[in-house]
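# Summary of structural features
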Amino acid sequence: MHHSSTLPWTDLAVLLAYVGGIFALGCWFARRSNNTEEFMAAGRSLPGWVVGLSLFGTYTSSISFLGNPGSSYAGNWNAFALSLSLPIAAVAAAWWFIPYYRRSGNVSAYSRLEERFGPWARLYATTFYLLTQIARLGTITFLVSTAVAPLTGWDIREIIVVVGVLVTVYTLLGGIEAVIWTDVAQAFVLTAGIVASICVLLLGMPEGPGQVFTIAAEHDKFSLGSFGTSLSEKTFWVVFIYGLCINLQNFGIDQSYVQRYFTAKSDRDAARSGLIGALLCLPVAAMLFFLGTSLFAYYTARPELLAGKSGDDVFPHFIVSGLPAGMTGLLIAAVLAAGMSSLDTSLNSSATLLLQDIYKRYLRPLAGERESMLVLRGTTVVWGAIGTCAALALVGTEGMLDAWFKLSGLFSGGMLGLFLLGLISRRAGNPAAATGVLTAVSLMMWMSLSKFDWWPARLSEFRSPLHDYLAIVLGTLSILFVGLLVASLAPRPRGDSSSA
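A brief report on the enclosed structure follows. Source: prediction; values computed, not measured.

## Structural notes on the overall build of the chain
- Scanning the chain from N- to C-terminus turns up 19 helices and zero strands.
- Relative to a compact globule of 500 residues, whose C-alpha radius of gyration would be 23 Å, the chain shows 23 Å and is just as compact.
- Oriented by its inertia axes, the alpha-carbon framework of the chain measures out at about 75 × 60 × 45 Å.
- Here the chain holds 500 residues, and the buried ones make up 56% of them.

## A word on helix 3 (residues 48–59)
- The end-to-end C-alpha separation of helix 3 is 16 Å, in line with the 16 Å expected for 12 residues at 1.5 Å each.
- Counting buried positions along helix 3 gives 11 out of 12 residues, so the element sits mostly inside the fold.
- Inspection of helix 3 places G48, V50, V51, G52, L53, S54, L55, F56, G57, T58 and Y59 among the buried residues, and these make up the whole buried set.

## Side note on the nonpolar core
- The biggest cluster of nonpolar side chains holds 138 residues, and the ones touching the most others in it are F65, Y101, Y110, Y261, F315, F318 and L336.
- Top element by residues in this core is helix 9 (residues 156–203). It accounts for 18 residues.
- Not counting residues within four places of it along the chain, the set of residues in contact with Y101 comprises A109, R112, G252, I253, V258, F262 and F419.

## So, a nonpolar patch on the surface
- Together, V91, W95 and W96 make up a nonpolar patch on the protein surface, roughly 420 Å² of accessible area in all.
- The exposure class assigned to V91 is partly exposed, which follows from its relative accessible area of 47%.

## Describing the side chain of S273
- Looking at where S273 falls in the secondary structure, it is placed in helix 13 (residues 267–301).
- Ignoring anything within four residues of it in the chain, the contact list for S273 reads G48, V51, G52, L55 and Y261.

## Section: unusual backbone geometry
- You will see that A42, though not glycine, has its phi angle at about 50°, which is positive.
- Summarising the element assignment, A42 is placed in the loop between helix 2 (36–41) and helix 3.
- Given the relative accessible area of 1%, A42 is considered buried.
- Phi is positive for A307, which is not a glycine, with a value near 55°.
- Overall, A307 belongs to the exposed group, its relative accessible area being 56%.

## Some words on the pattern of salt bridges
- Per the counting criterion, the structure on display carries 10 salt bridges.
- One salt bridge connects D267 with R102, and the closest N-O pair in it is separated by 2.6 Å. Taken together, the positions of D267 in helix 13 and R102 in helix 6 (residues 86–104) put the pair 165 residues apart, joining distant regions of the chain.
- The partner of D183 in a salt bridge is R260, with the nearest N and O atoms 3.4 Å apart. Placement of the pair is D183 in helix 9 and R260 in helix 12 (residues 255–263), with a sequence separation of 77 residues.
- Accessibility expressed as a relative area gives 1% for R260, which makes it buried.

What counts, and at which threshold
- Residues numbered from 1 in each chain as written.
- Predicted model: local features only at pLDDT ≥ 70, side-chain atom pairs only at ≥ 80, totals over all residues.
- Heavy atoms only, no water.
- Helix = DSSP H or I, 4+ residues; strand = E, 2+ residues; numbered from the N terminus.
- Rg over C-alpha atoms; globule rule 2.2 N^0.38 Å.
- Buried < 20%, exposed > 50% of the residue type's maximum accessible area, 1.4 Å probe, protein only.
- Expected span 1.5 Å × (residues − 1).
- Core = buried A, V, L, I, M, F, W, Y, C linked by side-chain atoms within 4.5 Å.
- Contact = heavy atoms within 4.5 Å.
- Patch = residues over 30% accessible without salt bridge, like charges linked within 9 Å, V, L, I, M, F, W, Y side chains within 5 Å.
- Areas by Shrake-Rupley, 256 points an atom, 1.4 Å probe, with all protein chains shown as cover.
- Salt bridge = Lys/Arg side-chain N within 4 Å of Asp/Glu carboxyl O.

Structural data, given as structure tokens:
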């Protein structure tokens, strides 16, 4: 075991080999991504299992890799309810969403909204998706670097810049095929890291592996939370419904997922990829929560090893002080893997939208192949730089993250409802959709803003009684119901051609 602030050479070698390997793998696809179809959709040639593995890699970001064990260590398995809704979302994606997109042939997920509700709907979705991606790029780069800095003894700002540059370069060179294959490699590293940690913890228990379950059961660590009906607490149901909305949004309408479906070689492979991705996420999420529970049992049995750490800091502390040499390097690589597979995806999907939904839609509709490739590569670099700067801006700010997450969730919250309205109702047109979006955004703004400390005291009875997680649920449902209501009141057009 080792306890120094700089990495021993065995761990450093493992880490550098991993980063070098991923970078080389990404760059190797450069020769295959020299036209827009290859860069954005990998020539629509990939098998379903590969696309599924890359969806899994993207879904398990460094936020969940470090956050899930932290949450079950400090509390229980309540947050696992979010993952339990994954299979429902994946089936819905395979059944409705994937065929819907692949019929259109346009790599942009939001081009369908324009066909259905007019240009404003596409612009709304694209703008908020791009804003959310800046939040995501900044947050994930920041979190990865925060995790890696104490593990390696390197400066957090240097790590942010190195991670930002590496991911930007291989995404720039290799396009989506590089993104997908590096995600597949990262999915294996990530899973290996989790399994290795659990094994070390189970074998490190003074009374053998069974002691983990004894201690966890004594402290009610496997509880999924309250099954009560309260809407102001994080009950099982509140987290489950929130998870359903988030997972439907991810697997159903998120550009970074939808774009993967286009890389699959057939409709069947595309549908299979969504199911494989979701069904891999579920056991791995369970393993991450079990890892947190095992950490709790391990340090309860051996409190002298905890060194005053608590909450989210316990897993990183274990990575540095509790693992044999070489394995620490693997685990730091896994933390990086979780982050990088989310970052490269954000970059590629943002560049694709900037070309398809902004540049070709409003600026240069007839842009040729060479010009389009310049835009794709240029926007990848610009977005990579913006994400890196956003991460640097987060250094030294606490509570900023929470506020930003709330806001980015607000902005994207309307999109799922808009898509569902388009899928469910043939009568809902532009006025119905616009009324629904305005209602939803106002409701979600009220729910979030009324929770802040600076909400005026005289309006205190107008604070939202609901848990924050329900904002996106309320947003989605209000677009849907207000949209359907307005549509039912509108006179039927004579030549009804608005069917989705």
